[in-house]
Amino acid sequence: MGRITPVLMAGGSGTRLWPVSRKSFPKQFAPLIGAESLFQASARRLSGEGYSDPVVMTNADFRFIVAEQLDQIGIRPGAIAIEPAGRNTAPAILAAALMAAQEDPARLLLVAPSDHVIPDAEAFARAVEAGAEAAAAGRIVTFGITPDRPETGYGYLELAGQGEGPQPLARFVEKPDAARAAEMLAQGNFLWNAGIFLFGAGTMIEAFRAHAPDYLAPVQAALDGARTDIGFLRLAREPWERLADNSIDYAVMEKAENLTVVRYSGRWSDLGGWDAVWREELDRAPAADGVVADANSTAIDCADVLLRSDSEDLQVVGIGLKDVMVVATHDAVLVAEKSRSQDVRQAVVALKKKNRKQAVAFPRDHRPWGWFETLALADRFQVKRIVVKPGAALSLQSHVHRSEHWIVVSGTARVTVDETVTLVTENQSIYVPLGAVHRMENPGKVPMVLIEVQTGAYLGEDDIIRYEDVYARSSGD
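Summarised in this report is the structure supplied together with it. Fair warning: this is a prediction, and the values are worked out from it, not measured in the lab.

## Here's the deal with the overall build of the protein chain
Step number 1: Across its full length, the protein chain carries eleven helices and 28 strands.
Step number 2: A compact globule built from 477 residues should have a C-alpha radius of gyration of about 23 Å, and the protein chain, at 24 Å, falls within 12% of that.
Step number 3: Dimensions of the protein chain, computed from C-alpha atoms along their principal axes, come out at roughly 75 × 60 × 40 Å.
Step number 4: Here the protein chain holds 477 residues, and the buried ones make up 52% of them.
Step number 5: Across the protein chain, every contact between residues at least 6 apart in sequence was considered, and the portion connecting residues at least 24 apart equals 68%.
Step number 6: Roughly 21,400 Å² of accessible area belongs to the protein chain as shown, and the carbon and sulfur atoms make up 50% of that amount.

## Digging into the pairing of strand E18 (residues 364-367)
Step number 1: Note: E18 against strand E19 (residues 370-378), four bridges, orientation antiparallel. Bridging from a neighbouring strand, Arg364 pairs with Glu373 of E19.
Step number 2: Between E18 and E19, which follow one another and run antiparallel, lie two residues.

## Considering the sheet that holds strand E25 (residues 429-432)
Step number 1: Strand order in this open sheet of six strands is E18-E19-E20-E27-E22-E25, and the pairing throughout is antiparallel. Looking at which strands have only one partner, the edges of the open sheet turn out to be E18 and E25. For this sheet the average axis-to-axis angle between neighbouring strands, irrespective of direction, equals 20°.
Step number 2: Where E19 and strand E20 (residues 381-388) come together, eight bridges link them in antiparallel fashion. Note that in E20 the partner of Glu373 across the bridge is Arg385.

## As for the pairing of strand E15 (residues 316-319)
Regular strands show a simple pattern: their side chains alternate between the two faces of the sheet.
Step number 1: Burial of E15 is one-sided: the residues Val316 and Gly318 facing one way are buried, the residues Val317 and Ile319 facing the other way are not.
Step number 2: One ladder, built from four bridges, connects strand E13 (residues 297-300) with E15; its direction is parallel. Paired with Ile300 across the strands is Ile319, a residue of E15.

## Structural notes on the packing of aromatic side chains
Step number 1: Counted according to the given criterion, the structure contains twelve aromatic pairs.
Step number 2: Here the aromatic rings of Phe25 and Phe362 are separated by 6.4 Å at their centres, their planes lie at 85°, and the arrangement is edge-to-face. On the criterion of sequence distance, the pair formed by Phe25 in the loop between strand E1 (4-9) and helix H1 (38-45) and Phe362 in the loop between helix H11 (345-353) and E18 is long-range, its members being 337 residues apart.
Step number 3: With relative accessibility at 12%, the residue Phe25 sits in the buried group.

## Section: a nonpolar patch on the surface
Step number 1: Taken together, the side chains of Ile300, Val317 and Ile319 present a nonpolar region at the surface, about 280 Å² in accessible area.
Step number 2: Within the fold, Ile319 resides in strand E15.

## Considerations on the packing of helix H3 (residues 89-103) against helix H6 (residues 201-211)
Any two packed helices are characterised by the angle at which their axes cross and by the distance between the axes.
Step number 1: Between H3 and H6, whose axes approach to 8 Å, the crossing angle comes to 130°. Comparing their axes, H6 and H3 come out oblique. Remark: the crossing between H3 and H6 carries left-handed chirality. Taken together, the residues of H6 that come into contact with H3 (itself represented by Ala90, Ile93, Leu94, Ala97, Leu98, Ala100 and Ala101) are Ala201, Met204, Ile205 and Phe208.
Step number 2: Within the contact of H3 with H6, the residues separate by chemical class into eleven nonpolar, no polar and no charged.

## Topic: the packing of H3 against helix H7 (residues 216-224)
Step number 1: In contact at an axis separation of 10 Å, H3 and H7 are set at 60° when each is read in the N-to-C sense. Judged by the inter-axis angle, H3 sits oblique to H7. As for how H3 packs across H7, the hand of that crossing is right-handed. Contacts between H3 and H7 involve Pro91, Leu94, Ala95, Leu98, Met99 and Gln102 from the first element and Leu216, Val219, Gln220 and Leu223 from the second.

## A few points about the side chain of Asp249
Step number 1: Inspection of the secondary structure puts Asp249 in helix H9 (residues 248-253).
Step number 2: Beyond its immediate sequence surroundings of up to four residues, Asp249 is in contact with Phe172, Asn193, Phe197 and Glu254.

## Side note on helix H10 (residues 274-284)
Step number 1: Buried residues of H10: Trp274, Asp275, Ala276, Val277, Trp278, Glu280 and Leu282, and no others.
Step number 2: Residues of H10 that are buried sit in contact with strand E12 (291-293), strand E14 (305-309), strand E16 (324-328) and strand E17 (333-337).

## Let's talk about the sheet that holds E17
Step number 1: An order of E12-E14-E16-E17 is seen for the four strands of this open sheet, with the pairing classed as mixed. Looking at strand neighbours, the two that pair on one side only are E12 and E17, the edges of this open sheet. When the angles between neighbouring strand axes are averaged without regard to direction, this sheet yields 5°.
Step number 2: Inspection of the sheet shows E16 paired to E17 by five bridges, in the antiparallel sense. Of the residues in E17, the one forming a bridge with Val324 is Glu337.

Thresholds applied
Residues numbered from 1 in each chain as written. Predicted model: local features only at pLDDT ≥ 70, side-chain atom pairs only at ≥ 80, totals over all residues. Heavy atoms only, no water. Helix = DSSP H or I, 4+ residues; strand = E, 2+ residues; numbered from the N terminus. Rg over C-alpha atoms; globule rule 2.2 N^0.38 Å. Buried < 20%, exposed > 50% of the residue type's maximum accessible area, 1.4 Å probe, protein only. Contact = heavy atoms within 4.5 Å. Areas by Shrake-Rupley, 256 points an atom, 1.4 Å probe, with all protein chains shown as cover. Pairing = 2+ DSSP bridges. Axes fitted to C-alpha atoms, helices over the stretch in contact; angles between N-to-C directions. Phe/Tyr/Trp six-rings, centres within 6.5 Å; stacked < 30°, edge-to-face > 60°. Patch = residues over 30% accessible without salt bridge, like charges linked within 9 Å, V, L, I, M, F, W, Y side chains within 5 Å. Salt bridge = Lys/Arg side-chain N within 4 Å of Asp/Glu carboxyl O. Parallel < 35°, antiparallel > 145°, perpendicular 65-115°, else oblique. Left-handed = near helix turned anticlockwise from the far one by under 90°. Nonpolar A, V, L, I, M, F, W, Y, C, P; charged D, E, K, R; others polar.

Right under this line is the structure:
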């Protein structure tokens, strides 16, 4: 039957897990459960025997994060495809199918979100194996999760048959109210829709031809016009932007007649809210009082609470709390009743209206060469901590509105200022005048850390003119 190609969907931005998940660094890349990110755990789960190198569908903002996190766990991607604009899952899945069909229309693809928690990788592999024969025979296989509660936050799949093996799908069911969810749980033939699909590349292309033909030409044109960019595949922007925004469920699945469902009865969560994180942590480490508190949090006389802080410098202490969640980061704190988990996205909307940067961005900004964070910001000055990975280099650039002072804290920096190249070691500093063409590199084998003090009339990140860049970024990228 051949190897299955995983297709990891990694372009979304979950707002229900704010403040840990934000537009600039969404939940799939964060270590919400365990030491690895959800994306890394997903890639690891769909690797090894029976799988080929994964295809990742993402956007330009996340491309270097995707590459770095795969490298950290030793997984080589088959392709990292960059969508020029967010158009939901339908165009992305069709693009993956068309790419695979160029080599083999019979190639099986397993499309999976990269932000799900499935602790039992072996059990899930058995479920995939159970659906592979149907997929090879021209069926589109979707995976349904055996529900353990009357959940109103998920869509459902109604089975047309009985038993544990692959079953025909009767219909998709939208997210129900509480009463209907309880009825479906009692009936036993309704499963949660996991949004995971297994199919032959040619089968999916034919499904689009039958049910969403308007997508075929623009997606093919985006592939035909794609260009390779230092290991990434950038799909052509103009045809992609003409595509309608649509999910694979609405575009194809709800219209197709060749659908098969494989039941998965192991633990699963899409981590769609902090209440889901609380449940998952309790499954991993049961507590009679229902208290989930991390190393930076302390619960006193609390019950059924989630207390979390991402910083040792910010200790969270709860006293006498019940059914409450408190989540703290360096620059924001969420306090809410656990039952209001689905309303956390309202916080993002409210902060956007107030033009607060915490709505979408973190103090720590990840870049292909490392990361930086703002330590102090006021009128006409900004102080940053910058960490540059071994062998990495910032672009050759200049600024129109600011000058910079760099003080190396650890490691060694090779600094270019106009025609002069200088090695700057620990406890040494260098000045970059306004308008000077400059570059910073780490020639060493350990991360290089420095403090940057910017002064000037405008300190925004878009005040960069790039002349050379090993990461092929433009001035606004």
